[in-house]
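Spelled out from the first residue to the last, the chains are:
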Amino acid sequence: MKSKIFNVSLTRDITKLSYPIIVGDDLLRQGGEILKEFIYKKKIIVIHDSIFSFNNDPSNLFERFIQSIKKITSSVKLIDIPGGDQTKNIEQLNKIIEKVLAYKIDRQSVIIAFGGGVVGDIAGFAASILLRGINFIQVPSTLLSQVDSSVGGKTGINTKIGKNLIGSFHQPLAVLADINILKTLSEREFRAGFAEVIKYGLIKDFTFFNWLAQEHKNILNHDKEKLQTIITKSCQIKAEIIKNDEKEGAERALLNLGHTFAHAIESFGNYDGRIIHGEAVSIGICLAFKLSNKLSFCSRTDTEKVINIFQKSKLPTSLREIKNLSFSVSEMMEKFKYDKKNRQNKLTFILNKKIGESFVKYNMDVDVLVEFLNEEI
Ligand SMILES: NC(=O)c1ccc[n+]([C@@H]2O[C@H](COP(=O)([O-])OP(=O)(O)OC[C@H]3O[C@@H](n4cnc5c(N)ncnc54)[C@H](O)[C@@H]3O)[C@@H](O)[C@H]2O)c1
Ligand SMILES: [Zn+2]
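The shown structure was predicted, so the numbers you read here are calculated from the model rather than taken from an experiment.

Asker: Hey, could you run me through the domain arrangement of the protein chain in this one?
Answerer: Reports often express the size of an interface as the amount of accessible area lost when the parts come together. You can read the domains of the protein chain as domain 1 (4-184) and domain 2 (187-376). Centre-to-centre separation of domain 1 and domain 2, based on C-alpha positions: 26 Å. If you look at the interface, domain 1 gives 35 residues, while domain 2 gives 38 residues. Regarding the contact of domain 1 and domain 2, the summed buried area is about 3300 Å², with carbon and sulfur atoms giving 63% of it. Inspection of the domain 1/domain 2 interface yields 5 salt bridges. A salt bridge links Lys163 to Glu266; the shortest N-O distance between them is 3.3 Å. Where domain 1 touches domain 2, the interface holds 13 residue pairs in polar contact (both at pLDDT 80 or more). Put simply, the parts of the chain that give the side of domain 1 that touches domain 2 at least two residues each are strand S1 (4-9), strand S2 (18-24) and helix H6 (143-149). For the side of domain 1 that touches domain 2, the leading source of residues is H6, giving 6 residues. Partitioning the side of domain 1 that touches domain 2 into residue classes produces 14 nonpolar, 13 polar and 8 charged.

Asker: What is the right way to read the pairing of strand S10 (residues 349-354) from this model?
Answerer: Looking along a regular strand, one sees side chains alternate from face to face of the sheet. Pairing of S10 with strand S11 (residues 357-361), which is carried by 5 bridges, proceeds in the antiparallel orientation. The residue bridging Phe349 from the neighbouring strand is Lys361, located in S11. Taking the residues that link successive antiparallel strands as the turn, the S10-S11 hairpin has 2 residues, and the phi of Gly356 there is positive, at about 95 degrees.

Asker: I tried to follow the layout of surface pockets on my own but got confused; where do I start?
Answerer: One water molecule sets the probe size; rolling that probe over the atoms shows where empty space is left. In this model, the second largest pocket occupies a volume close to 260 Å³. Taken together, Asp85, Gln86, Lys88, Asn89, Ile90, Glu91, Asn158, Thr159, Lys160, Ser267, Asn270 and Tyr271 make up the full set of residues lining the second largest pocket. Looking at the lining of the second largest pocket residue by residue, the classes come out as 2 nonpolar, 6 polar and 4 charged. When we break the lining of the second largest pocket down by domain, the ones giving at least three residues each are domain 1 (4-184) and domain 2 (187-376).

Asker: Would you take a moment to explain the packing of helix H7 (residues 187-204) against helix H8 (residues 206-220) for this structure?
Answerer: When two helices pack together, their arrangement is given by the angle between their axes and by how far apart the axes lie. Between H7 and H8, whose axes approach to 7 Å, the crossing angle comes to 160 degrees. Looking at the two axes, H7 sits roughly antiparallel to H8. Along this stretch, H7 crosses H8, giving a crossing that reads as right-handed. Contacts from Phe190, Arg191, Phe194, Val197, Ile198, Tyr200, Gly201, Leu202 and Lys204 of H7 reach H8 at Phe206, Phe208, Phe209, Leu212, His216, Ile219 and Leu220. Looking at the contact of H7 with H8 residue by residue, the class counts come to 12 nonpolar, 2 polar and 2 charged.

Asker: Would you take a moment to explain the site of ligand 1 for this structure?
Answerer: Lining the immediate environment of ligand 1, one finds 25 residues, of which Asp49, Ser141, Thr142, Lys163 and Thr184 sit closest. One nitrogen or oxygen atom from the side chain of Lys163 is found 2.4 Å from an oxygen atom belonging to ligand 1. Contact with the protein chains removes 88% of the 860 Å² of surface that ligand 1 exposes when unbound. Every element with two or more residues in the shell around ligand 1 is listed here: helix H5 (117-129) and H6. Residues belonging to the shell around ligand 1 are distributed by class as follows: 6 nonpolar, 10 polar and 9 charged. Each of domain 1 (4-184) and domain 2 (187-376) gives at least three residues to the shell around ligand 1.

Reading guide: rules and limits
Residues numbered from 1 in each chain as written. Chains lettered and ligands numbered in written order. Predicted model: local features only at pLDDT ≥ 70, side-chain atom pairs only at ≥ 80, totals over all residues. Heavy atoms only, no water. Domains from an automatic or database assignment. Contact = heavy atoms within 4.5 Å. Buried area = accessible area lost by both parts, 1.4 Å probe. Salt bridge = Lys/Arg side-chain N within 4 Å of Asp/Glu carboxyl O. Polar contact = N/O pair within 3.5 Å; in protein donor to acceptor, adjacent residues only side chain to side chain. Helix = DSSP H or I, 4+ residues; strand = E, 2+ residues; numbered from the N terminus. Nonpolar A, V, L, I, M, F, W, Y, C, P; charged D, E, K, R; others polar. Pairing = 2+ DSSP bridges. 1 Å grid on protein atoms, 1.4 Å probe; cavity = no way out; pocket = protein on both sides within 12 Å on 5 of 7 lines; lining within 4 Å. Points joined across faces, edges and corners; volume = space filled by probe spheres on them. Axes fitted to C-alpha atoms, helices over the stretch in contact; angles between N-to-C directions. Parallel < 35°, antiparallel > 145°, perpendicular 65-115°, else oblique. Left-handed = near helix turned anticlockwise from the far one by under 90°. Near = heavy atom within 4 Å. Areas by Shrake-Rupley, 256 points an atom, 1.4 Å probe, with all protein chains shown as cover.

This is the structure we're talking about:
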């Protein structure tokens, strides 16, 4: 299968800040060659998920990737960190920073983040503050990170108060997404990543949504052609949105569909794996559609179609399905107050007029929201 390369540009002028996203099958063995222009003779620090190591590499691709990098540059250091959202915290960030500095990096040094969204977010954030900012490359290893978190330059960590509340915008030099590495991903993680793919269709591409509804079985069975299609299509939709609004003035906020609910749900779970990001997003998106319907923005038919595709993909679709977390309406309302989209203490939500058309709803009516949550919890 031929790999696809396309450029994300952050301004309408493609000659200005832009970077390649390389998507294909079996790219990691040639990783060094593919990334040569960014790493040649530089000091490279690979921050990787600890599930990948030389002694115990489930995919056998990490080792090959590192060998290929060593052919391009002699200085390669490895730092491993555990995956999972509990890792994305300030203590872990501190450890990473101290280890990287111990390698006597300079401003030309490059960090490679090899792992899922957790590794990408924390390693990217470390890169953005080390020596006031050094370059980094994303090598995403989960479906979620290949279709979403590796692109767009949002980096950061969680705090006890809420998710992703510390961070920066720091764009990578390149993104290398190898479909082959997804073969070791658990079915649960794979489905969670699929939730973010569905999100793109719901935000702005009705045709893509319909195609996903038709093809979901093949995709969940890892059909490689279809996987390449969903990764490139998702990255293209995300890039298109970011091109118009890199730092989330308004349009980029659409990518947050379902996330106000999702971030609150995740924080109740303490990021310990009882509920994972994509599952919370699946519930969050269903709630956003139900709320849109309650407020008469969106039809019941569309809302049902949305719930149906998540159900068929074996993803959770309602708060009642979360059996192992406890939270109340008032606790949920409290969490919403920390959402980064809010303005002047008024809640902001992303809602839908129909499938394929999300919009930003400022000044959400608090009474309606409380009534809605009482119906849902
Ligand atoms: N920056 C952004 O724009 C953005 C967007 C969406 C999500 N995110 C963040 O991404 C994070 C979620 O990312 P994620 O779902 O990739 O989580 P993750 O990085 O924790 O990976 C999920 C699990 O899969 C394991 N794993 C990773 N690659 C594997 C592979 N190839 N084979 C087998 N197991 C593998 C990890 O060890 C982990 O246990 C959240 O923190 C979320 O906030 C960020
Ligand atoms: Zn997300």
